[in-house]
Amino acid sequence: MFTPEFFSALSMIIMINIVLSGDNAVVIAIASRRLPAAQRKKAIFTGTFLAVIVRVIATVAAAYLLKIPFLYLIGGLILIWIAYKLLAEEEDSGKINSSDNLIQAVKTIVIADIMMGLDNVIAIAGAAQGDLLLIVLGLLISVPLMIFGSQLILKAMERFPWILYIGSAVLALAAADMIVNEKALHWMLPEGSWIANLFKAAVIAGVLILGKRQRDNYAKKHQERAAASGIEETA
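Just so it is clear, the structure is predicted and the values come from calculations on it, not from any experiment. (Residues numbered from 1 in each chain as written. Predicted model: local features only at pLDDT ≥ 70, side-chain atom pairs only at ≥ 80, totals over all residues. Heavy atoms only, no water.)

Chemist: Looking at this structure, how should I read the overall build of the chain?
Modeler: The number of helices and strands found in the chain is ten helices and zero strands. Starting at the N terminus, the α and β elements of the chain follow one another as α-α-α-α-α-α-α-α-α-α. By residue count, 43% of the 235 residues in the chain fall in the buried class. A total of about 12800 Å² of accessible surface is found on the chain, and carbon and sulfur atoms cover 69% of it. (Helix = DSSP H or I, 4+ residues; strand = E, 2+ residues; numbered from the N terminus. Buried < 20%, exposed > 50% of the residue type's maximum accessible area, 1.4 Å probe, protein only. Areas by Shrake-Rupley, 256 points an atom, 1.4 Å probe, with all protein chains shown as cover.)

Chemist: Explain the packing of aromatic side chains to me, please; I cannot follow it from the model alone.
Modeler: Aromatic ring pairs: the centre-centre distance and the angle between the two ring planes describe each pair. One pass over the structure, following the stated rule, counts two aromatic pairs. Aromatic pair Trp-81 and Tyr-84: ring centres 5.6 Å apart, planes at 35°, arrangement tilted. With a gap of three residues between them, Trp-81 and Tyr-84 both fall in helix H5 (residues 71-88), about one helical turn apart. When its relative accessible area of 18% is taken as the criterion, Tyr-84 is described as buried. Look at Phe-160 and Trp-162: their rings are 5.8 Å apart centre to centre, the planes differ by 45°, and that puts the pair in the tilted class. Given a relative accessible area of 35%, Phe-160 falls into the partly exposed group. (Phe/Tyr/Trp six-rings, centres within 6.5 Å; stacked < 30°, edge-to-face > 60°.)

Chemist: Please explain the nonpolar core as it appears in this structure.
Modeler: Soluble, globular proteins show a tendency: their nonpolar side chains are buried together. If you look at the biggest cluster of nonpolar residues, it comprises 36 residues, and the most contacted ones within it are Ile-30, Leu-79, Ile-80, Leu-86, Met-157 and Leu-171. Those elements giving two or more residues to this core turn out to be helix H2 (22-32), helix H3 (37-60), H5, helix H6 (98-116), helix H8 (132-159), helix H9 (163-180) and helix H10 (194-234). For this core, the leading source of residues is H9, giving nine residues. In contact with Ile-80, other than residues within four places in its own chain, are Ala-175, Ile-179, Val-203 and Val-207. If you look at the next biggest cluster of nonpolar residues, it comprises six residues, including Leu-35, Ala-105, Val-106 and Val-110. (Core = buried A, V, L, I, M, F, W, Y, C linked by side-chain atoms within 4.5 Å. Contact = heavy atoms within 4.5 Å.)

Chemist: How do you make sense of the packing of H5 against H9 when you look at a structure like this?
Modeler: To characterise two packed helices, one gives the angle between the axes of the helices and the distance between these axes. As a packed pair, H5 and H9 sit with axes 7 Å apart at the nearest point and diverge in direction by 170°. In terms of orientation, H5 and H9 fall into the roughly antiparallel class. Seen from H5, the contacting residues are Tyr-72, Leu-73, Gly-75, Gly-76, Leu-77, Leu-79, Ile-80, Ala-83, Leu-86 and Leu-87; seen from H9, they are Leu-164, Tyr-165, Ser-168, Leu-171, Ala-172, Ala-174, Ala-175, Met-178 and Ile-179. (Axes fitted to C-alpha atoms, helices over the stretch in contact; angles between N-to-C directions. Parallel < 35°, antiparallel > 145°, perpendicular 65-115°, else oblique.)

Chemist: Just checking my understanding: could you explain the confidence of the model for the chain for this structure?
Modeler: Any region with low pLDDT has predicted coordinates that should not be read closely. Mean pLDDT over the chain works out to 76, with 75% of the residues at or above the 70 mark. Put simply, helix H7 (residues 118-128) is where the chain has its lowest mean pLDDT, 64, and H9 is where it has its highest, 84. Scored below 50 in pLDDT, residues 92-99 shows eight contacts in the model against residues more than four places distant or in partner chains. (pLDDT = per-residue confidence, 0-100.)

Chemist: Help me out: how do you make sense of the pattern of salt bridges in this one?
Modeler: Oppositely charged side chains can pair when the atoms bearing their charge come close. Taken as a whole and judged by the stated rule, the model has two salt bridges. Close ionic contact of Lys-200 with Asp-177 constitutes a salt bridge, the shortest N to O distance being 2.7 Å. A residue pair is termed long-range when its members are at least 10 positions apart, and Lys-200 in helix H10 and Asp-177 in helix H9 qualify at 23 residues. Classification of Lys-200 as buried rests on a relative accessible area of 18%. Taking the relative accessible area as the measure of exposure, Asp-177 reaches 26% and is therefore partly exposed. (Salt bridge = Lys/Arg side-chain N within 4 Å of Asp/Glu carboxyl O.)

Chemist: Sorry, what's going on with the side chain of Arg-40 here?
Modeler: If you trace the backbone, Arg-40 turns up in helix H3. In this structure the side chain of Arg-40 is engaged in a polar contact, spanning 3.4 Å, whose partner is the backbone oxygen of Leu-35. In this structure, Arg-40 is in contact with Ser-32, Arg-33, Leu-35, Leu-154 and Glu-158, ignoring residues within four places of it in sequence. (Polar contact = N/O pair within 3.5 Å; in protein donor to acceptor, adjacent residues only side chain to side chain.)

In structure tokens, the structure reads:
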């Protein structure tokens, strides 16, 4: 313990987390963006804390996770749905209890982090070579980076709403990458081929187009309700 090899492996794990946790920060930011400021922080800290615990367990069990058939395909499909829902969800949350919104945000952060963290989990498991202390330390050190990154993205989204579309595109790309990494699909989607790249582009375009269409529908309904209530008040 605490040998040069230990610190070398720990540095590698921290770097893996820095490189692979950028899209996790995007998820955290988008999932919590509609919450009040106080609940936003609670969602970020609670969601990240739970996600880290799950990730530690998953990293320890990485060898068993790899034996699950179609793991990357399932994770990718779930992540596509999350990317779509985060973009398409209705902005008018008046019908939704704020505590429900908080629970939903935490749930989204945890599920998305688990799906997106598969590569991260496997990479860390390899770098740590089964050392649980290394795994836990590496993840704990990288957590503030995820939280700080998500706070920056949140502030940017408040100023530039179009960043939401970039965030959804990032999540859609992560989902498509996971599906392409599914070994059972390599005969159809060879990694690095033009077919795989076309598939990734199609997934991103599909999420953005369908998400924006649903978002526009919600906005239209909200305007119609506002106009109808305005007419009633006049009457």
